Amino acid sequence: MGAQEQGSEAVAGRWLTIPRTLVFVLHGDAVLMMKRAPHRRVFPNRYNGLGGHIERDEDPAAGALREVYEESGLRVQSLRLRSIHNIDAGEQTGIILFVYTAASEGRAVRNDGTEGDLEWIPRERLADLDLVEDLPQLLPRILSMDAAAPPLSVHVSYDEADSIVLRFHDED
């Protein structure tokens, strides 16, 4: 099959998505979290993992590794896909989010503060943070996953009150 046979030009009436990654880097009992800078458009002052957009020439795993390195200086191991999210925020395009965990051999990070401040947070303290809105539901599930567990499949939308709704495929 050649490039022309992929059908990528057939966009009329189709749901289009922006590909992104999110990585939770683990070391011992701690998770590397970023408190997003107050000037950031997306999730200002809230805690999230590391990640961002997938570039045209990379697969999701390569994008995840690049984002972790760019944001922290870490070269991580044991990258595991934990969930895939189809996010519908009510716009013409959505987001496909590939969520990973990875392991770090140490806790020394490069923290330039451009996107936010990095902190190693003990797992038992995660619930005490001002997390991005889906993480209280998502983090306990992915952090307790067995190494060989298949990734979760999640649809994300918002209700009439603009509250997030996560629908996990295994709960349908």
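Structure shown above.
Residues numbered from 1 in each chain as written. Predicted model: local features only at pLDDT ≥ 70, side-chain atom pairs only at ≥ 80, totals over all residues. Heavy atoms only, no water.

Trainee: Explain the overall build of the protein chain to me, please; I cannot follow it from the model alone.
Mentor: In terms of regular secondary structure, the protein chain is built from 2 helices and 9 strands. By the compact-globule yardstick of 16 Å for 172 residues, the protein chain fits well, its C-alpha radius of gyration being 17 Å. With the C-alpha coordinates of the protein chain rotated into their principal frame, the extents come out at 45 × 40 × 35 Å. A total of 172 residues make up the protein chain; the buried ones form 40% of that total. Sequence separation of at least 24 residues holds for 67% of the intrachain contacts in the protein chain that already meet a minimum separation of 6. Only carbon and sulfur atoms are counted for the fraction: they give 49% of the accessible area of the protein chain, which is about 10000 Å². (Helix = DSSP H or I, 4+ residues; strand = E, 2+ residues; numbered from the N terminus. Rg over C-alpha atoms; globule rule 2.2 N^0.38 Å. Buried < 20%, exposed > 50% of the residue type's maximum accessible area, 1.4 Å probe, protein only. Contact = heavy atoms within 4.5 Å. Areas by Shrake-Rupley, 256 points an atom, 1.4 Å probe, with all protein chains shown as cover.)

Trainee: Teacher, can you tell me more about the environment of Ala64 here?
Mentor: With respect to the helices, strands and loops of the structure, Ala64 is situated in helix α1 (residues 60-72). Separated by 13 residues in the primary sequence, Ala64 and Gly51 place their C-alpha atoms 6.2 Å from one another. With residues up to four places along the chain from it excluded, the contact list for Ala64 reads Thr21, Val23, Leu79 and Tyr100.

Trainee: Before we go on, may I ask you to explain the packing of aromatic side chains in this structure?
Mentor: Note on aromatic pairs: each is described by the distance of the centres and the angle between the planes. Counted by the stated rule, this structure contains 0 aromatic pairs. The positively charged end of Arg110 is found above the aromatic ring belonging to Tyr69, 5.4 Å away from the centroid. The positively charged end of Arg141 is found above the aromatic ring belonging to Phe168, 4.0 Å away from the centroid. (Phe/Tyr/Trp six-rings, centres within 6.5 Å; stacked < 30°, edge-to-face > 60°. Lys NZ or Arg CZ within 6 Å of the ring centre and 35° of its normal.)

Trainee: Could you clarify how one ought to interpret the nonpolar core in this entry?
Mentor: Among soluble globular proteins, nonpolar side chains are generally buried collectively. Membership of the largest hydrophobic core comes to 27 residues, with the highest contact counts inside it found for Phe24, Met33, Leu126, Leu135, Leu139 and Ile142. Mapped onto this core, the elements with two or more residues apiece are β1 (16-27), β2 (30-36), β6 (93-103), α2 (135-143), β8 (152-158) and β9 (164-168). Examining the composition of this core, we find that 5 residues originate from one element, α2, more than from any other. When neighbours within four sequence positions are excluded, Leu126 is seen to be in contact with Val31, Met33, Ile121, Leu131, Leu139 and Leu143. (Core = buried A, V, L, I, M, F, W, Y, C linked by side-chain atoms within 4.5 Å.)

Trainee: Honestly, the pairing of β9 in this entry has me stumped. Any pointers?
Mentor: Along any regular strand the residues' side chains alternate between the sheet's two faces. Going residue by residue along β9, you find Ile164, Leu166 and Phe168 tucked away on one face and Val165 and Arg167 left uncovered on the opposite face. Here β8 folds back onto β9, and the loop between the two strands holds 5 residues, one of which, Asp162, carries a positive phi near 65°. (Pairing = 2+ DSSP bridges.)

Trainee: It is not clear to me how the environment of Ser144 should be interpreted in this structure. Could you clarify?
Mentor: When you line up the elements, Ser144 lands in the loop between α2 and β8. When the C-alpha atoms of Ser144 and Leu22 are compared, they prove to be 17 Å apart, with 122 residues separating the residues in sequence.

Trainee: It is not clear to me how the pattern of salt bridges should be interpreted in this structure. Could you clarify?
Mentor: Working definition: two side chains of opposite charge can pair if their charged atoms are close together. Summed over all chains, the structure comprises 7 salt bridges. Between Asp130 and Arg46 there is a salt bridge, and its shortest N-O distance comes to 3.4 Å. Of the two residues, Asp130 is situated in the loop between β7 (116-122) and α2 and Arg46 in the loop between β2 and β3 (47-48); the sequence distance between them amounts to 84 residues. By relative accessible area, which is 43% here, Asp130 ends up partly exposed. The salt bridge partner of Arg66 is Glu67, with a shortest N-O separation of 3.2 Å. (Salt bridge = Lys/Arg side-chain N within 4 Å of Asp/Glu carboxyl O.)

Trainee: Teacher, can you tell me more about the side chain of Thr101 here?
Mentor: Mapped onto the elements, Thr101 comes out in strand β6. Look past the residues within four positions of Thr101 in its chain and what remains in contact with it is Phe24, Leu26, Ser78, Leu79, Arg80, Arg82 and Ile142.

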